[in-house]
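Here are the chains, one letter per residue:
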Amino acid sequence: MLKDRFTIQYSDGSFGGYQPSKAVCIGRNYAKHATELNNPLPKKPILFLKTPNTFVSMSPGFGIPVDCGACHHELEIYLLIRQRLTFKSFSTLTLNDCIAAVGLALDLTLRDRQNELKQRSEPWTLAKAFDGACPLSTCVEFEQCSSWQSWGLSFEVNGDLRQSGKVCDMLWCIPALLEIIVQDITLEPGDLVLTGTPEGVQPLQVGDHFRATFLHEDEPKVISAGKVFSN
Ligand code: ZN
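Bear in mind the structure is a predicted one, so any value in this text is a computation, not a measurement.

A. Layout of the overall build of the chain. When helices and strands are counted, the chain shows 6 helices and 14 strands. In terms of overall dimensions, the chain has C-alpha extents of about 50 × 40 × 35 Å along its principal axes. Counting every position in the chain, which comprises 231 residues, the buried fraction comes to 40%. Of all intrachain contacts in the chain linking residues separated by at least 6 positions in sequence, the fraction that spans at least 24 positions is 76%.

B. Representation of the sheet that holds strand E9 (residues 134-141) in the model. Ordered in space as E2-E1-E12-E6-E7-E9-E3, the 7 strands form an open sheet in which the pairing is mixed. Both edges of this open sheet fall to strand E2 (46-50) and strand E3 (55-57), since each of them pairs with a single strand only. Between one strand axis and the next, the sheet turns by 35° as a mean value, whatever way the strands run. Sheet topology places E3 next to E9; 3 bridges connect them, and they run parallel.

C. Fine view of the sheet that holds strand E4 (residues 61-64). Strand order in the open sheet formed by 5 strands is E4-E14-E13-E10-E11, and the pairing between neighbours is mixed. Since the sheet does not close on itself, it has two edges, and those belong to E4 and strand E11 (160-166), each with one partner. Within the sheet, the average angular offset between the axes of one strand and its neighbour, ignoring direction, is 25°. Here strand E10 (residues 152-157) pairs with E11 via 6 bridges, running antiparallel. Paired with glutamate 156 across the strands is leucine 161, a residue of E11.

D. Structural detail: helix H6 (residues 174-182). For H6, the full list of buried residues reads Ile174, Leu177, Leu178, Ile181 and Val182. Down the axis of H6, the buried set is contained in an arc of 115°. They therefore lie on one face. The inward-facing, buried residues of H6 abut strand E1 (23-27), E2, helix H2 (87-90), helix H3 (95-98) and strand E12 (192-194).

E. Representation of the pairing of strand E7 (residues 99-106) in the model. Among the 8 residues of E7, 8 are classified as buried, and the element is accordingly described as predominantly covered. Taken together, the 7 bridges between strand E6 (residues 75-81) and E7 define a ladder with antiparallel strand orientation. Looking at E7, one finds that leucine 79 is bridged to valine 102. When E7 meets E9, the two strands line up antiparallel, connected through 4 bridges.

F. A look at the environment of glutamine 202. The residue glutamine 202 is located in the loop between E12 and strand E13 (209-216) in this model. Look at glutamine 202 and you get partly exposed, because 15 C-beta atoms sit within 10 Å. Taking the C-alpha atoms as reference points, glutamine 202 and glutamate 74, separated by 128 residues in sequence, lie 8.1 Å from one another.

G. Layout of the environment of serine 154. Here serine 154 is to be found in strand E10. For serine 154, a count of 21 C-beta atoms within 10 Å translates into the label buried. Separated by 10 residues in the primary sequence, serine 154 and serine 164 have C-alpha atoms spaced 4.2 Å apart. If we skip the residues at most four places from it in the chain, serine 154 touches Leu161, Gln163, Ser164 and Thr213.

Conventions and cut-offs
Throughout, a residue's number is its position along its own chain's written sequence, starting from 1. Two thresholds apply to this predicted model, a pLDDT of at least 70 for residue-level local features and 80 or more for giving and counting side-chain atom pairs, whereas whole-chain, interface and lining totals are computed over all residues. Each helix is a run of H or I in the DSSP string that is no shorter than four residues. Each strand is a run of E no shorter than two, and both are numbered from the N terminus. Our exposure labels follow a C-beta count within 10 Å of each residue's own C-beta, placed from the backbone: buried means 20 or more other C-beta atoms, exposed means 12 or fewer, and partly exposed covers the counts in between. This entry defines residue contacts through backbone-placed C-beta atoms, with two residues in contact when those atoms are within 7 Å. A pair of strands is considered paired only if DSSP assigns at least 2 bridges between the two. To obtain each axis, a line is fitted to C-alpha atoms, and for helices this fit is confined to the stretch in contact; angles are then taken between N-to-C directions over 0 to 180 degrees. Here the arc refers to the set of directions running from the helix axis out to each C-beta atom.

This is the structure we're talking about:
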């Protein structure tokens, strides 16, 4: 079912040649999402990875596993990394040097499986990094949405608003996240940072119609819509 390595596409239809080698994801970056799953607020960001087998296009639709329990949607803003970021290089760079573009990702999560893994103190890999676990929208250049404090996102399913959030509600803001990640993990050009999900995560069903929106200064900059099918 997976094709070649996924290439990020811009909203104007062009390709920047970016192929993510990984996505570094942040768990529990919005306080209300942590509490809705009865998790404590973290003292440091929780990091995990999505691998290249997870990246697929969000629109016109994406597949979810069947017979694996609940598959939750976690809509998140992704940062597309422009150049190699190391702990050494990071302090000399501006955010515009670091981030090429911004878009939306679904951190699909097999929630029942994740709860089993947590109980056994095992890594979340099989709940978070299965084939197709990271549908991606197109993106817009960072220059076109550089006041990141105004970013927002929303996710509708069958016309109902399920998730809605603002970057100003994050526990760790955009520059802080990058700084924390590169202390231990070098980011390559084309890599993604998934910045966490606001509250409202729920199971997806085959046949659902979804609409994901990225807002900059209250204006929609990226909209990705389509249908959920079975993998
Ligand atoms: Zn997530």
